[in-house]
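Single-letter residue listing:
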Number of protein chains: 2
Amino acid sequence: MRAAAERTTEERPAASRDDALEALADLVRDDLEACNRLIVARMQSPVELIPRVAAHIVAAGGKRLRPMLTLAAARLCGYRGERHVKLAACVEFIHTATLLHDDVVDESALRRGLASANAVFGNKASVLVGDFLFSRSFELMVEDGALPVLAILSRASATIAEGEVLQLVTQNDIATTEARYLEVIRGKTAALFAAAARIGAVVAGRDAADEAALEAFGMNLGLAFQLADDVLDYDADQAKLGKTIGDDFREGKVTLPVLLAFAAGDESERAFWRRTIEDHEQGANDLGTALALMRRHGALAETLRRAGAFGAAAKAALERFAASPERQALMDVVDFAIRRGR
Amino acid sequence: MRAAAERTTEERPAASRDDALEALADLVRDDLEACNRLIVARMQSPVELIPRVAAHIVAAGGKRLRPMLTLAAARLCGYRGERHVKLAACVEFIHTATLLHDDVVDESALRRGLASANAVFGNKASVLVGDFLFSRSFELMVEDGALPVLAILSRASATIAEGEVLQLVTQNDIATTEARYLEVIRGKTAALFAAAARIGAVVAGRDAADEAALEAFGMNLGLAFQLADDVLDYDADQAKLGKTIGDDFREGKVTLPVLLAFAAGDESERAFWRRTIEDHEQGANDLGTALALMRRHGALAETLRRAGAFGAAAKAALERFAASPERQALMDVVDFAIRRGR
């Protein structure tokens, strides 16, 4: 059963997973290209290091998943104007700012398979250009002029920071509960997905129930996305994903696969996790051992199963909307989030 | 002449300088206390490390000069409501966020005479709690609901980041022009002073000319404040200011005193500046030599003279307002900004 569960990642052919993201991008193609042009235009500054650092991360092959949520959610809600393009750019600027700061905090050398901005330009530039992009995002929101959007994205930004700090506090703490771990990823990842989707309803002038439904969609999608990401850190095709396998392990990050393997392990296994994650004493073979223990207890499959449950909740939240290409594309992107990189 | 110029710092008795800041604080005492309570209340988070880091820097003896500018400017403009208290807290949150990030960027060990937050809690917590306070500032502005205030403070935040990045680029570059240096401090310091003062006029509903006058007051005050700060880094009573003499020199920061001494120096002096600032090769006696060269060319006095010129412009900008205790206190605080720590 466990062996079968570990194979859930092989259920669908690769083509259909990539297709889901492509289909969403195709559906919002014109808006997405306008959004990309706006991002490039508004990351400019007379201080030339700023667009250089920003271009490094903006051009580094991001999927633009979050701004696409805003664009598609707005169209799902029947919006026919152009404001959603600017708001999608705001979402991507906030995301980019957090990536720049994350890489400093995590001391990452790679981001999407390329040298990270902090590795190329230094931590100082990454911190400050992150601050610039964050400020620029709020300038764009002010230009748009909608206080409800400003409220949603300023709240999301504070929640992201809270999630990141909570992650810092729980890092290396193998006694972290699953509930607390879900709090971390709700903040650091899912809050921005939720906000991105919700402002699609706001810009379309839909009622509070529709706003709440899109927020629930984004929140559950974000949780599924992050749990799948945690699995990928142990399981991905490295070349495809453009990240280094085992980064989380080497940083001593407690993610759900680690917590589940620890909970299911015997005393000698728990001693292994305490040494490698809590005491952060790691040898050359430890990543391999960690993977073997996770497979023994089906920890990766169980994490993916939970990702699937959040994914199902995300899809269910969309059911109140009439069937449309946008609704289908958003539902399909849930599968992409869970199965990408595999 | 030069020796006399070096004595300009001694023109006024110490008591009157401290009195200027105290007088301003007394004038806005109730509002300032309400602002401090609001700051403490709104830096709370369920993630307990956040208020701990925030309290470390908020409680570290800041003068609250920037929020006092907002409070006093609003009263100067005849405002009688309470919104200015919230906006003053926004200004202080932005300032605190930039301090946390500055200390990471500068690798500072001390802030206002105490261990800096990054020294106590680490760079990671400083970056992320800075992000939290920045986001919280925008949440507060949204609660207030005034788009013009959001426009002013989001623009100021972007300008601060631009100034900080420009400082990073010019650091160690002895060929930095004075004009470019003024751009740096206009961004990193004066933009927030300008915004803080201007929103006093906005909250009071005054016209664009009054807004512009208070912005000019804040901008010129901020430039004077930063130039005086640059002098203090070479000249202060260390115990009184709570900072380490020579920090800027050791970091290879080009500030106006260095640029003026370099410009006035002969070839051997220029070689000294190139070695210590550009190549960043410094020995035990080099700070002493730097100070001697600055005194030889009156570089500190000349920097203070320019600070005085900006200070005079700041005072002139207030002349369109009717005489009042607030106007007098704001004018007197210009002298405090230039003469503090001496």
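For the structure itself, look to the data block above.
Residues numbered from 1 in each chain as written. Chains lettered and ligands numbered in written order. Predicted model: local features only at pLDDT ≥ 70, side-chain atom pairs only at ≥ 80, totals over all residues. Heavy atoms only, no water.

**Remarks on helix H10 (residues 178-203) of chain A**
Residues and elements named next belong to chain A.
Line of reasoning, step 1. The end-to-end C-alpha distance of H10 is 35 Å, a good match for the 38 Å that 26 residues give at a rise of 1.5 Å each.
Line of reasoning, step 2. Along H10, the largest kink reaches about 55 degrees and is centred on Ala190.
Line of reasoning, step 3. The buried fraction of H10 is high, at 20 of 26 residues.
Line of reasoning, step 4. Immediately downstream of H10, the backbone of Gly205 shows phi near 70 degrees, a positive value. (Helix = DSSP H or I, 4+ residues; strand = E, 2+ residues; numbered from the N terminus. Expected span 1.5 Å × (residues − 1). Bend = angle between axes of the 7 residues up to and from the residue. Buried < 20%, exposed > 50% of the residue type's maximum accessible area, 1.4 Å probe, protein only.)

**A word on the interface of chain B and chain A**
Line of reasoning, step 1. Each partner contributes residues to the interface: chain B has 36 residues there, and chain A has 36 residues.
Line of reasoning, step 2. Both sides together, the interface formed by chain B and chain A hides about 3400 Å², and carbon and sulfur atoms give 77% of it.
Line of reasoning, step 3. When the buried surface of chain B facing chain A is broken down by residue, Lys124(B), Leu128(B) and Glu162(B) rank first, second and third, together holding 18% of it.
Line of reasoning, step 4. Joining chain B to chain A, the criterion identifies two salt bridges.
Line of reasoning, step 5. Our count for the contact surface shared by chain B and chain A stands at six residue pairs in polar contact (both at pLDDT 80 or more).
Line of reasoning, step 6. Among the elements of the structure, helix H4 (49-58), helix H6 (83-106), helix H8 (123-144) and helix H9 (147-170) of chain B are those that each provide at least two residues to the side of chain B that touches chain A. (Contact = heavy atoms within 4.5 Å. Buried area = accessible area lost by both parts, 1.4 Å probe. Salt bridge = Lys/Arg side-chain N within 4 Å of Asp/Glu carboxyl O. Polar contact = N/O pair within 3.5 Å; in protein donor to acceptor, adjacent residues only side chain to side chain.)

**A short note on the relation of the copies chain B and chain A**
Line of reasoning, step 1. With an axial shift of 0.0 Å and an RMSD of 0.0 Å, the rotation relating chain B to chain A amounts to 180 degrees. Interpreted geometrically, this transformation is the action of a two-fold axis.
Line of reasoning, step 2. Comparing interface residues between copies, 100% of those in chain B also lie at the interface in chain A; the contact surface is shared. (Least-squares fit on C-alpha atoms with pLDDT ≥ 70 in both.)

**What to know about the packing of aromatic side chains**
Line of reasoning, step 1. Taken as a whole and assessed by the stated rule, the structure comprises twelve aromatic pairs over all chains.
Line of reasoning, step 2. Ring geometry for Phe138(A) versus Phe138(B): centroids 4.2 Å apart, planes at 25 degrees, classification stacked. A residue pair is termed interchain when its members come from two chains, as with Phe138(A) in helix H8 (residues 123-144) and Phe138(B) in helix H8. For the pair shown, Phe138(A) and Phe138(B) are each scored as buried.
Line of reasoning, step 3. Look at Phe249(B) and Trp273(B): their rings are 6.4 Å apart centre to centre, the planes differ by 80 degrees, and that puts the pair in the edge-to-face class. Taken together, the residues span a long stretch of sequence, with Phe249(B) in helix H13 (residues 247-250) and Trp273(B) in helix H15 (residues 267-278) at a distance of 24 residues.
Line of reasoning, step 4. Residue Trp273(B) is classed as buried on the basis of its relative accessible area, which comes to 0%. (Phe/Tyr/Trp six-rings, centres within 6.5 Å; stacked < 30°, edge-to-face > 60°.)

**A closer look at the pattern of salt bridges**
Line of reasoning, step 1. This structure, assessed with the given rule, holds 50 salt bridges over all chains.
Line of reasoning, step 2. When the shortest N-O distance is used, the salt bridge between Glu22(B) and Arg29(B) registers 3.5 Å.
Line of reasoning, step 3. Accessibility expressed as a relative area gives 29% for Arg29(B), which makes it partly exposed.
Line of reasoning, step 4. Among the ionic pairs, Glu143(B) bridges to Lys86(B), the shortest N-O distance being 3.1 Å. Taken together, the positions of Glu143(B) in helix H8 and Lys86(B) in helix H6 put the pair 57 residues apart, joining distant regions of the chain.
Line of reasoning, step 5. Overall, the relative accessible area of 43% leaves Glu143(B) in the partly exposed class.
Line of reasoning, step 6. Overlapping salt bridges bring together Arg136(A), Glu139(A), Arg155(B) and Glu162(B) as one network.

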